[in-house]
Amino acid sequence: MSEAASIRTPLALLPSLAPLLHPWLPRQRWFAGKGSAVTGFTLVSATELLPVRGPGPGLLHLLVRVRQADRPRSDEGDCYQLLIGTRRALPPALAPALIGPARQGPLRGLTLYEGTHDPRLAGLLLERLRTPGTLGPLRFERYAGAPGTPVPPGGLAARPLGAEQSNSSLVYGDAYILKVFRRLHPGHNPDLELPLALARAGCDRVPVPVAWYASAEPGPYTLGVLQPFLRGSRDGWVLALEALAAGDPFRAEAAELGRVTAEVHTALADALPVVKLGGAQAEELAAGMAARLEAAARTVPALRPYAPRLRAAFDAVAALGRRGRIWAAQRVHGDLHLGQLLRGPGGGPWSVIDFEGEPTRPLTERCRPQPAVRDVAGMLRSFDYAARTHRPWNPAWAQACRDAYCAGYARTAGADPREEPALLRAYETDKAVYEAVYEARHRPDWLPVPMAAVERLAAGD
Ligand SMILES: Nc1ncnc2c1ncn2[C@@H]1O[C@H](COP(=O)(O)OP(=O)(O)O)[C@@H](O)[C@H]1O
Ligand SMILES: O=P(O)(O)O[C@H]1O[C@H](CO)[C@@H](O[C@H]2O[C@H](CO)[C@@H](O)[C@H](O)[C@H]2O)[C@H](O)[C@H]1O
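Residues numbered from 1 in each chain as written. Chains lettered and ligands numbered in written order. Predicted model: local features only at pLDDT ≥ 70, side-chain atom pairs only at ≥ 80, totals over all residues. Heavy atoms only, no water.

Per an unreviewed UniProt entry, the protein chain goes by the name Maltokinase and belongs to Streptomyces sanyensis. Taken verbatim from the UniProt record of the protein chain, the Subunit (unreviewed entry) comment is "Monomer." (UniProt positions renumbered as here; feature names shortened; annotations may be inferred.)

Right, here's the structure in full:
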């Protein structure tokens, strides 16, 4: 491999990059700042994974801050990870990955494109992950797990996953999947931290992070995680919709999903700290939910008429805290829904993926111990989502799945989440509010789905 380096004066690249990133970046599915104009960029770091002036394609690893119109002047903007391919001419197969021709600056004369779409460049990333070490600000690491943990083989064919995602994933030879985080938050990403803790604890419900890469300075940022690809698996969302279409009650699967959730919760509670939550913390929790509701109602006007009645669910938790109720709080998944559970081929075991939590929340908040009921509420919302998106709407199907899920959870955890109705309702409300914002931003046609839950929850059902 040719010698590649961290570019010491990344600023010099901006004249080449900025005019191209301006129209391209806001169009990316993973760009989180939709709806507010991009006003400028700051290059945080630039590393040549493959030299841009070498004989073949080049690969630039960039950390870029994006300034936006709706932010205060003091806000430096969100930081994104970009993998930019460079070539003198783009072969037709890579045309869909085009960003544009650099017309000025040091990259002038080169065509820039989305590097993860180029199998050759994606292969290089795997090569780096196979061999721990550093390159400029980037550090490549491997899981030093049980003796004999295999090193991913080299030369596996790469393809982008192509799913509608918050990040970007690359699949290697249907054997490994690399998740490339896009919007970065300083700190240790729970999508690496939690699967690592679970792997070390021997919990086999989560694909083991076999390798990852990160940057210490700037950051620390977790940049990408490589895990075994669960070939032939299907996610719970697809299976639930198929069941609905076939008139299948899905109750046994829902109960199994409850069992799997409880297993993961138990393993997380054994591996990582568990704290008590009551009194002032319960009030803080309720205040956080109320503040999110207020912010959501500013973004999604349809929420406004329901806000006072929704807030009652949060007030109930604060009131219980004041009366001395104590809950256990632990590390949780944080954004659990049917799409995060993958079932192995032929009715195989279920695995849980994507421990990143809700990507719009600050990392410190996502990494805080929280009541496990929060994940349960996420799954209950998901059964509701499935029933709502199916025609005709089948509320009885959702209710039966919700009950079966809680019963399955209770059998493994030893405690039934339905015995905490106030907390469960508060988390379900918080989730429905989050979903209203998510849908308004990403899939406006779907907004009626969480709004139906908002209406139900506001009515006290
Ligand atoms: N280990 C895996 N094996 C098979 N498919 C996976 C695996 N991990 C993720 N996927 C697929 O990739 C999709 C996106 O992964 P996810 O971690 O949810 O990314 P994001 O946070 O970007 O949404 C999932 O919906 C699933 O279909
Ligand atoms: O999987 P992600 O981490 O990208 O999660 C985000 O996108 C999800 C949609 O893909 C969204 O989930 C919502 O829609 C699902 C159906 O598509 C449904 O099963 C979930 O219950 C519902 O919340 C998730 O909220 C968002 O964070």
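Next comes the rest of the account.
Further remarks concern the site of ligand 1. The full set close to ligand 1 counts 15 residues, and Leu161, Gln165, Asn167, Lys179 and Leu230 are the nearest of them. Within the backbone of Leu230, an N or O atom sits 2.7 Å from a nitrogen atom of ligand 1. In the environment of ligand 1, an oxygen atom lies 3.0 Å from a nitrogen or oxygen atom belonging to the side chain of Asp354. Coverage of ligand 1 by the protein amounts to 84% of the 550 Å² it exposes when considered alone. When residues are assigned to domains, the shell around ligand 1 turns out to be shared by domain 1 (11-229) and domain 2 (234-458), each giving three or more. (Near = heavy atom within 4 Å. Polar contact = N/O pair within 3.5 Å; in protein donor to acceptor, adjacent residues only side chain to side chain. Areas by Shrake-Rupley, 256 points an atom, 1.4 Å probe, with all protein chains shown as cover. Domains from an automatic or database assignment.)

Let us look at the sheet that holds strand S18 (residues 350-352). Whenever strands of a sheet pair, they do so through backbone hydrogen bonds, lying parallel or antiparallel. If you walk across this open sheet you meet the three strands as S14-S17-S18, and the pairing is antiparallel. Edge strands, defined here as strands with exactly one partner in the open sheet, are strand S14 (234-235) and S18. With two bridges joining them, S14 and strand S17 (residues 341-343) adopt antiparallel strand pairing. Across the sheet, residue Arg234 finds its bridge partner in S17, namely Arg343. On the sheet, helix H5 (residues 251-271) packs against S17 and S18 and is oriented at approximately 45° with respect to S18. (Pairing = 2+ DSSP bridges. Helix = DSSP H or I, 4+ residues; strand = E, 2+ residues; numbered from the N terminus. Contact = heavy atoms within 4.5 Å. Axes fitted to C-alpha atoms, helices over the stretch in contact; angles between N-to-C directions.)

A few words now on the packing of helix H7 (residues 307-322) against helix H11 (residues 421-442). In contact at an axis separation of 9 Å, H7 and H11 are set at 140° when each is read in the N-to-C sense. As far as their axial angle goes, H11 and H7 are oblique. Remark: the crossing between H7 and H11 carries left-handed chirality. Residues Leu310, Ala313, Phe314, Val317 and Leu320 of H7 form the contact with H11, whose own contacting residues are Ala422, Leu423, Arg425, Ala426, Thr429, Asp430 and Val433. Across the contact of H7 with H11, the residue classes tally to nine nonpolar, one polar and two charged. (Parallel < 35°, antiparallel > 145°, perpendicular 65-115°, else oblique. Left-handed = near helix turned anticlockwise from the far one by under 90°. Nonpolar A, V, L, I, M, F, W, Y, C, P; charged D, E, K, R; others polar.)

Further remarks concern the nonpolar core. Core analysis: the biggest nonpolar cluster contains 77 residues, and Phe250, Leu257, Leu303, Phe383, Trp397 and Tyr405 have the highest contact counts within it. Core analysis: the second largest hydrophobic core is formed by 38 residues, Ala122, Leu126, Tyr172 and Trp212 among them. (Core = buried A, V, L, I, M, F, W, Y, C linked by side-chain atoms within 4.5 Å. Buried < 20%, exposed > 50% of the residue type's maximum accessible area, 1.4 Å probe, protein only.)

Counting buried positions along helix H12 (residues 448-458) yields eight of eleven residues, so the element is predominantly enclosed. All of the buried residues along H12 are Val449, Pro450, Met451, Ala452, Ala453, Val454, Leu457 and Ala458.

Moving on to the site of ligand 2. Around ligand 2 sit 13 residues, and of these Asp335, Ser382, Tyr434, Glu435 and Tyr438 come closest. With respect to ligand 2, the side chain of His337 contributes an N or O atom lying 3.1 Å from an oxygen atom. Within the side chain of Tyr434, an N or O atom sits 2.5 Å from an oxygen atom of ligand 2. Among the elements of the structure, helix H9 (373-389) and H11 are those that each provide at least two residues to the shell around ligand 2. The dominant element in the shell around ligand 2, judged by the number of residues it contributes, is H11, at three residues. Considering only residue class, the shell around ligand 2 consists of five nonpolar, four polar and four charged.

The subject of this paragraph is the sheet that holds strand S7 (residues 138-142). Overall, antiparallel pairing links the seven strands, which are arranged S6-S7-S12-S13-S10-S9-S8 in an open sheet. Edge positions in the sheet fall to strand S6 (133-135) and strand S8 (158-160), since each of these pairs with one other strand and no more. Sheet twist, expressed as the average angle between the axes of neighbouring strands with direction ignored, equals 20°. By the bridge criterion, five bridges tie strand S12 (residues 211-215) to strand S13 (residues 221-228) in an arrangement that is antiparallel. Counterpart to Tyr213 in the pairing with S13 is Gly224. Contacting S6, S7, S8, strand S9 (168-172), strand S10 (176-180), S12 and S13, helix H2 (residues 119-130) crosses the sheet at an angle of about 80° to S9.

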